[in-house]
Amino acid sequence: MKETKQFIISKNLVMQAYKLVKANAGAAGVDRQTLDDFEMNLKDNLYKIWNRMSSGSYFPPAVMAVAIPKKTGGVRILGIPTVSDRVAQMVAKSVFEPMVEPHFLPDSYGYRPNKSALDAIGVTRKRCWKYDWVIEFDIKGLFDNLDHELLMRAVKKHTDNKWILLYIQRWLKAPMKMPDGTLKARDKGVPQGGVISPVLSNLFLHYVFDVWVSRKYPDVPWCRYADDGLLHCRTEEQAEKVLYELGKRFNECKLELHPDKTKIVYCKDGSRKGEYKETQFDFLGYTFRRRKAKNRKTNSIFINFSPAVSKKALKAMRAKVRQSNIRNSTNLELKDISNWFNPILRGWIQYYGKYYPSELYSVFRHFNMTLVAWVRRKYKRFQRHKTRACIFLQEIAKREPELFAHWKIGMIGAFA
């Protein structure tokens, strides 16, 4: 007799969701089951997910609270789902995201297909040349404070699919297991770390901010990446008015602008005059401020308002090098270090090297000097000879410039 299910969910959809989860990797949840553990009984585990979701009996387990250090200090609490729950969320996301994605506006860049943070940086760069004033805003605890009732109202505008609605509501209510083992009930917010959370937060802000500001201030260009956003204004008076109305709007929707991370900035360059308190801002790891630039046609130098890697990002990159403990990894060969760290170096170059790549010099010099320290620990003949260790590595860099990603782009000389 053929088994009947309350909801029609294909087994293939569950398999495809698992493949996406595997590609994204990720840590274990409250059950401590890793992806490798999950794969040991893959067929049965996927069948259980499909069977429970199809019958309406899938109840998500608690998410595991994990504290992640912020670049700006303090910690951010992530809610890590189990592997099985990540697969279940991916099943729902695969169906729900195509329903809402076509409605999102072009200047929403965060966690969207075929859009990136660098796209947001690029469009912001051009707008800062055209508009004198920028409102930089940050939403205080967005993921922790999203109102469930308002969010579900937005979800229901785009689907009447009963199993999508059922499981989104259950994911919103799933408790968080704290480090001390207690379970914390949740009546607002979405867990940062959930597979479906970025889509839900984008949908919420689509109505709270994107649609609202586009309708109320059609002459004010804006750009948003998750909970970080910018608005470009012609005058200081306009910026003050828009910021005031923006604060009211977020309060109406039970959110709050971060008082320390929200400000009005004057895009001062060589032609814009006047003295103002705020003349630079950080956005997505870049600092926008006045910088020297070269006119390629005339070779003349001028001052413009442009982005380059921020000091906070540079500090975080140097910390990453220190935490890797390369200098004490004397069991490795130079090629091993290259294979280990090159993907990280390439990522930094591709992202932070898009604009003013020379600003990355200090990080690459720090990395090179870490290699010098590694050479002095690994080879006895260099222990007391830093200069000779530098020369030794410089010769390798000239002979094999492709060994490290930054050597390949000409940062060989960043020794000493």
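Before reading on, note that the structure itself is shown above.
It should be emphasised that the depicted structure is a prediction, and the values quoted were computed from it without experimental measurement.

About the cut-offs
Residues numbered from 1 in each chain as written. Predicted model: local features only at pLDDT ≥ 70, side-chain atom pairs only at ≥ 80, totals over all residues. Heavy atoms only, no water. Helix = DSSP H or I, 4+ residues; strand = E, 2+ residues; numbered from the N terminus. Expected span 1.5 Å × (residues − 1). Buried < 20%, exposed > 50% of the residue type's maximum accessible area, 1.4 Å probe, protein only. Contact = heavy atoms within 4.5 Å. 1 Å grid on protein atoms, 1.4 Å probe; cavity = no way out; pocket = protein on both sides within 12 Å on 5 of 7 lines; lining within 4 Å. Points joined across faces, edges and corners; volume = space filled by probe spheres on them. Nonpolar A, V, L, I, M, F, W, Y, C, P; charged D, E, K, R; others polar. Pairing = 2+ DSSP bridges. Axes fitted to C-alpha atoms, helices over the stretch in contact; angles between N-to-C directions. Parallel < 35°, antiparallel > 145°, perpendicular 65-115°, else oblique. Core = buried A, V, L, I, M, F, W, Y, C linked by side-chain atoms within 4.5 Å. Phe/Tyr/Trp six-rings, centres within 6.5 Å; stacked < 30°, edge-to-face > 60°. Lys NZ or Arg CZ within 6 Å of the ring centre and 35° of its normal.

Colleague: So, helix α13 (residues 361-378): which residues are in play, and what are the values?
Modeller: A rise of 1.5 Å per residue sets the reference length of α13, with its 18 residues, at 26 Å; its end C-alpha atoms lie 26 Å apart and thus fit the reference within 8%. Those residues of α13 lying buried are V363, F364, H366, F367, N368, M369, T370, L371, V372, A373, W374 and V375. Residues of α13 that are buried in the fold lie against α11 (311-324), α12 (334-352), α14 (386-399) and α15 (405-408).

Colleague: Now, about the layout of surface pockets: what can you tell me, with residues and values included?
Modeller: One number sums up the size of the second largest pocket: a volume of about 410 Å³. Along the wall of the second largest pocket there are 15 residues; nearest its centre are R125, A293, K294, N304 and Y356. Sorting the residues of the lining of the second largest pocket by element identifies α5 (117-130), β10 (286-294) and β11 (301-309) as the ones contributing at least two each. Ranked by residues supplied to the lining of the second largest pocket, first place goes to β11 with four residues. Along the lines of polarity and charge, the residues of the lining of the second largest pocket split into seven nonpolar, three polar and five charged.

Colleague: Help me get a handle on the sheet that holds strand β9 (residues 281-283), residues and values and all.
Modeller: Read across the open sheet, the three strands follow the order β9-β10-β11; overall the sheet is antiparallel. The open sheet terminates on both sides in strands that have one partner only, identified here as β9 and β11. Mean inter-strand twist for the sheet, computed between neighbouring axes without regard to direction, equals 50 degrees. One ladder, built from three bridges, connects β9 with β10; its direction is antiparallel. Directly across from F283, in β10, lies its bridge partner Y286. Sitting on the sheet, α5 is in contact with β9, β10 and β11, with an inclination near 150 degrees to β11. Here α11 sits on the sheet in contact with β9, β10 and β11, set at roughly 45 degrees to β11.

Colleague: Give a detailed account of empty space enclosed by the protein, specifying residues and quantitative values.
Modeller: This model, assessed by the stated rule, comprises one cavity of 30 Å³ or more. Size it by volume and the largest cavity reaches roughly 60 Å³. Surrounding the largest cavity, V63, D85, Q89, W171, L172, A174, V190, P191, I196, S197 and L200 form its lining. At the level of secondary structure, the elements contributing two or more residues to the lining of the largest cavity comprise α4 (83-100), α8 (162-173) and α9 (197-216). For the lining of the largest cavity, the residue count by class is eight nonpolar, two polar and one charged.

Colleague: Please provide a residue-by-residue account of the packing of α11 against α12, values included.
Modeller: One can describe the packing of α11 onto α12 by two numbers: an axis separation of 12 Å at closest approach and a directional angle of 175 degrees. The orientation of α11 relative to α12 falls into the category roughly antiparallel. In this structure, α11 contributes A313, M317, K320, V321 and S324 to the contact, and α12 contributes W340, F341, I344, W348 and Y352. Its residues assigned to classes, the contact of α11 with α12 shows eight nonpolar, one polar and one charged.

Colleague: Account for the nonpolar core, naming residues and giving values.
Modeller: Counting residues in hydrophobic clusters, the biggest one holds 67 residues, and the most contacted among them are M53, L231 and F250. Excluding residues within four positions of it along the chain, M53 makes contact with F7, I9, Y58, A88, V91, W163, Y167 and W171. The next biggest cluster of nonpolar side chains, apart from the first, holds 53 residues, and it includes C267, L345, F382 and F404.

Colleague: Go over the packing of aromatic side chains with me, naming the residues and quoting the values.
Modeller: Following the criterion strictly, the structure yields 29 aromatic pairs and no others. Measuring from ring centre to ring centre gives 6.0 Å for Y58 and Y167, while their planes differ by 75 degrees; the resulting arrangement is edge-to-face. Within this pair, whereas Y58 is found in the loop between α3 (42-55) and β1 (63-69), its partner Y167 is found in helix α8, the two being separated by 109 residues in sequence. A centroid spacing of 6.1 Å and a plane angle of 50 degrees characterise the contact between Y167 and W171, whose relative ring orientation is tilted. With a gap of four residues between them, Y167 and W171 both fall in helix α8, about one helical turn apart. With a relative accessible area of 1%, Y167 lands in the buried category. Here the aromatic cluster, defined as three or more aromatic residues joined through ring pairs, consists of W340, F341, W348, F367, F404 and W407. Looking at R170, its charged tip hangs above the ring of F59, at a distance of 3.8 Å from the centre. Looking at R381, its charged tip hangs above the ring of Y379, at a distance of 5.3 Å from the centre.

Colleague: Account for the environment of F382, with residues named and values stated.
Modeller: Relative to the helices and strands, F382 is located in the loop between α13 and α14. For F382, a relative accessible area of 5% puts it in the buried group. Spatially, the C-alpha atom of F382 lies 51 Å from that of P198, the residues being 184 residues apart in sequence.

Colleague: Could you give an account of the side chain of S201, naming the residues involved and the relevant values?
Modeller: On the secondary structure map, S201 appears in helix α9. Residues contacting S201, with those up to four places away along its chain left out, are L142, F143 and L146.

Colleague: Account for the sheet that holds strand β3 (residues 133-138), with residues named and values stated.
Modeller: Ordered by their spatial adjacency, four strands build an open sheet running β6-β7-β3-β8, and the pairing between neighbours is antiparallel. Because the sheet does not close on itself, it has two edges, and the strands there are β6 (222-225) and β8 (263-266). When the angles between neighbouring strand axes are averaged without regard to direction, this sheet yields 20 degrees. Alignment of β3 against β8, held across four bridges, turns out to be antiparallel. For W133, the partnering residue across the bridge sits in β8 and is Y266. α5 rests against β3, β6 and β7 (228-233) of the sheet, and its axis sits at about 155 degrees to β6. Relative to β6, α9 is tilted by about 170 degrees, and along the sheet it contacts β3, β6 and β7.

Function-wise, these values are silent; they only describe arrangement.
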